[in-house]
Amino acid sequence: MKLILLITSILLITLVPQQQPKQPIKVYLIGDSTISIKDTKAYPETGWGMPFVHFFDSSVTVDNRAKNGRSTRTFIEEGLWQPVADNLQAGDYVFIQFGHNDEVETKKSYTPKDQYRANLIRFVQESRKQQAIPVLLTPVARRQFDEAGKIVGTHDTYAAIVREVAKSQNVPLIDLDRQSQQLLQRLGMEGSKHLYLQLAPGEHPNYPDGKDDNTHFNEYGARLMAQLVLAGIKENKLPLADKVVKK
């Protein structure tokens, strides 16, 4: 009898599917200051990568490698990309958003258009070589309006290159430039100020003289931009969407 029970138990263990542990996934963010983690001395400046980490369940780790002032070229030249490429595992994600510092010819980080395109393709191909999933993002919008209150695009040329690369390389695209412009237009010239680092003199001890910054976000703005990225994940039907925390 004991032998029969033992055999039955072994068969049940063998035949009943065992619940598999969740496969850990790492999401790398590479880009510039609009994404990056900020020092306390910069508060309330906030990169959208900071609230982004809270969107996912415990099987996902967001590794924010974005750095202030970097372009595609300087991110590579300073050795910031190679550690990401070397550590990618199958099923990881690489979210790629550059442009703010590539497109300005007067900056040391300036990257000519052909090199910008080549660098984006490099990020894509080297990610895929490791069986990771690259996702391209157009650069998030600056807050700039014309006299009639219409939002003005400041990344038109470089954002178009991102779209072109996404199409030619068959890469998921989150068009953050267009989506954030639409958000700013809905909020209007005055309402959109609440998303950026706009501070009156004496309003915050980190900025005693105030701050009039239409590129970098405060906490609220960063969260709204991160939500646009999350919407893009769902729109592209990326498997990562299944890892979003259910509330």
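Low-confidence regions, as indicated by low pLDDT, have predicted coordinates that should not be scrutinised in detail. In the predicted model, the chain carries a mean pLDDT of 92, and the fraction of residues at 70 or more is 90%. A low-confidence stretch, residues 1-21 stays under pLDDT 50, and its non-local contacts, those more than four residues away or across chains, total one contact.

This next bit is on the packing of helix α5 (residues 113-129) against helix α6 (residues 156-168). When two helices pack together, their arrangement is given by the angle between the helix axes and the distance between those axes. It is at 10 Å that the axes of α5 and α6 come closest, and there the two elements cross at 40°. For the pair α5 and α6, the crossing hand works out as right-handed. Contacts between α5 and α6 involve K113, Y116, R117, L120 and I121 from the first element and T157, Y158, I161, V162, E164 and V165 from the second. Its residues placed into classes, the contact of α5 with α6 shows seven nonpolar, one polar and three charged.

Spatially, β2-β1-β3-β4-β5 is the arrangement adopted by the five strands of the open sheet, whose pairing is parallel. Bordering the open sheet on either side are β2 (60-64) and β5 (173-174), each of which pairs with just one other strand. Contacting β1 (25-31), β3 (93-97) and β4 (133-137), α5 crosses the sheet at an angle of about 160° to β4. Packing against the sheet, α6 makes contact with β4 and β5, and its axis sits at approximately 150° to β4.

Attention now moves to unusual backbone geometry. The residue after Y43, namely P44, is reached through a cis peptide bond having omega 10°. For Q131, which is not a glycine, the phi torsion comes out positive at approximately 65°. Mapped onto the elements, Q131 comes out in the loop between α5 and β4. Residue Q131 is classed as exposed on the basis of its relative accessible area of 60%. In the Ramachandran plot, K237 falls in the positive-phi region, its phi being about 55° despite a non-glycine side chain. Locating K237 in the fold gives a position in the segment after α8 (219-235). Owing to a relative accessible area of 71%, K237 belongs among the exposed residues under this scheme.

Looking now at the packing of aromatic side chains. The final tally for this structure, using the stated rule, is 11 aromatic pairs. Taken together, a centroid distance of 5.7 Å and an interplanar angle of 20° make the contact between F98 and F123 stacked. You can see F98 sitting in the loop between β3 and α5 and its partner F123 sitting in helix α5, a full 25 residues away along the chain. F123 matches F98 in its accessibility class, with the two residues each being buried. Site record: aromatic cluster; members linked through ring pairs are W48, F52, F55, F56, Y93 and F95.

Conventions used here
- Residues numbered from 1 in each chain as written.
- Predicted model: local features only at pLDDT ≥ 70, side-chain atom pairs only at ≥ 80, totals over all residues.
- Heavy atoms only, no water.
- pLDDT = per-residue confidence, 0-100.
- Contact = heavy atoms within 4.5 Å.
- Axes fitted to C-alpha atoms, helices over the stretch in contact; angles between N-to-C directions.
- Helix = DSSP H or I, 4+ residues; strand = E, 2+ residues; numbered from the N terminus.
- Left-handed = near helix turned anticlockwise from the far one by under 90°.
- Nonpolar A, V, L, I, M, F, W, Y, C, P; charged D, E, K, R; others polar.
- Pairing = 2+ DSSP bridges.
- Buried < 20%, exposed > 50% of the residue type's maximum accessible area, 1.4 Å probe, protein only.
- Phe/Tyr/Trp six-rings, centres within 6.5 Å; stacked < 30°, edge-to-face > 60°.

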